[in-house]
Each structure stands twice: as structure tokens, then as C-alpha cells.
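The lines below spell out each chain.
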Amino acid sequence: TGARETLTLTLRLTGDRPPGGLLTNTVEASALPNEPYVDDNVATVTIPISGLPAVYLPVISKGFVLAPDLVIERVIATGNQVQVVIQNQGDVAVPDAEDYEFWVDLYVNPSHKPGYNETWETMGCQGAAWGITWSGSPYSPPDPRRRALPLEPGEMFTLTTRDDYYWWPGEGIDWPLEPGASVYAQIDSANAATSYGAMLEDHEISGGPHNNTSDPPTSVQGVGTGLLSGGTKEIGPEPDVSRTSLPERP
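These numbers come from a predicted model, not from an experiment.

Draft legend 1. Looking closely at the overall build of the chain. For the chain, the helix and strand inventory stands at one helix and nine strands. When the elements of the chain are put in sequence order from the N terminus, they spell out β-β-β-β-β-β-β-β-α-β. Sorting the 250 residues of the chain into buried and exposed places 38% on the buried side. Counting contacts in the chain only where the partners sit at least 6 residues apart, residues at least 24 apart contribute 73% of the total. Summed over its atoms, the accessible surface of the chain is roughly 14,100 Å², and 52% of this surface lies on carbon and sulfur atoms.

Structure representation (C-alpha cells):
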């Protein structure tokens, strides 16, 4: 989750402009070691000379976009409780808006690292989910200090099993978790209508690698504290996805 760096470079060019015809300017950037995309390192612009007051230079843009980028910062798992810390490492906030609601999935002993739209129910394993809703949803915490949205650039938010945003009626975990069990989490984990999650993130726009799933998996440590096996917590009526803008789960 390293910080992004911005470099501004100013070039001043002098020379004689031809009296007419076309002028072609080309700019080329040297490829970085192990760069996966090398066919976009050259840009060219051709303009007619006659009558133009200025000469334009080409620009190379290396996949820079302004969008949220959601990641799992860490997962802490004990026998009776799991905490998932999510972070927006993008350049802009995830707004507190209906169109930006998303799921966070928790997987217990899945067969492989979950990928795009592989919710825990589709993996043949135990699991659960949090539905991150905007402040206008009936399932958003009434206290603004306990809300996940807006999630500003660099900001983190902690999700806990059977706490705020937890989709507890759909829980599929046999508590307590066994020590040593493998636990994954994925943020923005479900939207069957697309090849990514509910939100178009910067790595999806620029064609970067999928970075929404925790890696490596977290190992359950001991029994810990939290709700005991068979314990309950009264948190309100059963959630109804139709009353939110959360994408349907597969």
C-alpha cells in the first residue's frame, strides 16, 4: 500500500519552424525493468505548420487514473471472531453514495485464493459477508462515526464479525474456528454483471492486477475472545438486499 508519487517535468524547446507542410513530434520513454506493457512507450503527434500559432508535443500516460482502489490491509482471526481492515489506497474517495455500495467477503478454508466475483458461497467453503451501504440505507449505522463511507484516500475502516454491516443471517461459519484454519478476505467481492466488483477501481481501469483479496491467507490463532460458539447478538431485522444498492450475490 505504498504512496503514489507524481513527477512534473517541464521542457523548453527552441528551433526553426519550417515554412509549411507537416511537423511530426515524437516522444519515447525508456521501459522500466520487467514492465508488462512496452507497446505504449512511444507517442507521436503530426500537425500542419501553416497558420498554427503553437507547436504541440505528444504525451505518454502510463495508465494513470483517478479512482478508488480498495484493498484488504490486514485480517485478524481468532476462534470466535474475525476482524478485517479495509483501506482505500486510491487517489479519490469512495463517496457516501448509493451507487458505491459494495460487499466484503470472508472465506474459511477455501480451495484457492478467491478471485473476481468468487463469493464465499461459490467456493464450497465456510464464510460470511459484510454489505457496505451508504448513509441513506436502513442498514447503515445511525452513528456517523461508525460508518465506512465516505472512505477517503489512505483511510482505513475495521469490520468485525457480527458487528456493523455484517450480513449475519447469511453467515455460514461453524463457530468456533479451528486453530490453524486459513482465512481470506476480499473487498468489492461481488457483481455477477461485470468482470470486476460493484465499483470500477483504478487497477481495473488501467488493466492492472487484481488486488482486492488478502494474500497470503491468515491463520486462525487460538480461541481468542468475542462471541462464543452458539452466541447471539441482537442487531435488528433480517437485511433485505432489495432495499439497498448492493449487487446481487451469485
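Draft legend 2. Region of interest: the packing of aromatic side chains. Evaluation of the coordinates by the stated rule reveals four aromatic pairs. Put simply, the rings of W103, Y139 and W167 pair up and form one aromatic cluster. The positively charged end of R249 is found above the aromatic ring belonging to W103, 4.6 Å away from the centroid.

Draft legend 3. Inspection of the sheet that holds strand β4 (residues 81-88) at higher detail. Pairing in this open sheet of three strands is antiparallel, and the strands run β3-β4-β7 from one edge to the other. The open sheet terminates on both sides in strands that have one partner only, identified here as β3 (70-78) and β7 (156-160). Across the sheet, the mean angle separating the axes of adjacent strands is 20° when strand polarity is ignored. Bridge count between β3 and β4: eight bridges; the pairing is antiparallel. Each bridged residue has a counterpart across the sheet, and for I72 the counterpart in β4 is I86.

Draft legend 4. Geometry of the environment of V183. Summarising the element assignment, V183 is placed in strand β8 (residues 182-187). With relative accessibility at 0%, the residue V183 sits in the buried group. Sequence spacing of V183 and P217 is 34 residues, and the spatial spacing of their C-alpha atoms is 5.5 Å. The contacts of V183, once residues within four sequence positions are left out, are V75, A77, V82, L106, Y107, P217, T218 and V220.

Draft legend 5. Highlighting the sheet that holds strand β5 (residues 102-108). Across the sheet, which stays open at both edges, the four strands sit in the order β6-β5-β8-β9 with antiparallel pairing between neighbours. Strands at the two margins of the open sheet, each flanked by one partner only, are β6 (126-132) and β9 (218-219).

Draft legend 6. Looking closely at the nonpolar core. The biggest cluster of nonpolar side chains holds 31 residues, and the ones touching the most others in it are V82, V84, I86, F102, V104, W130 and I132. For this core, the elements supplying multiple residues, two or more each, are β3, β4, β5, β6, β7 and β8. If we skip the residues at most four places from it in the chain, V104 touches V84, I86, A128, A129, W130, I132, L159, Q186, I187 and S189.

Draft legend 7. Looking closely at the pattern of salt bridges. Throughout the structure, instances matching the rule amount to eight salt bridges. The residue R74 makes a salt bridge to E73 at a minimum N-O spacing of 2.5 Å. Classification of R74 by relative accessible area gives partly exposed; the value is 40%. Overlapping salt bridges bring together D105, E121 and R249 as one network.

Draft legend 8. Focus on the pairing of β8. Of all the six residues making up β8, five are buried; the element is thus mostly covered by neighbouring parts of the structure. Summarising the sheet, β5 and β8 pair through five bridges and their orientation is antiparallel. Bridging from a neighbouring strand, V104 pairs with I187 of β8. Examined bridge by bridge, β8 and β9 share two bridges and lie antiparallel to one another. The residue bridging S182 from the neighbouring strand is S219, located in β9.

Conventions adopted
- Residues numbered from 1 in each chain as written.
- Predicted model: local features only at pLDDT ≥ 70, side-chain atom pairs only at ≥ 80, totals over all residues.
- Heavy atoms only, no water.
- Helix = DSSP H or I, 4+ residues; strand = E, 2+ residues; numbered from the N terminus.
- Buried < 20%, exposed > 50% of the residue type's maximum accessible area, 1.4 Å probe, protein only.
- Contact = heavy atoms within 4.5 Å.
- Areas by Shrake-Rupley, 256 points an atom, 1.4 Å probe, with all protein chains shown as cover.
- Phe/Tyr/Trp six-rings, centres within 6.5 Å; stacked < 30°, edge-to-face > 60°.
- Lys NZ or Arg CZ within 6 Å of the ring centre and 35° of its normal.
- Pairing = 2+ DSSP bridges.
- Axes fitted to C-alpha atoms, helices over the stretch in contact; angles between N-to-C directions.
- Core = buried A, V, L, I, M, F, W, Y, C linked by side-chain atoms within 4.5 Å.
- Salt bridge = Lys/Arg side-chain N within 4 Å of Asp/Glu carboxyl O.

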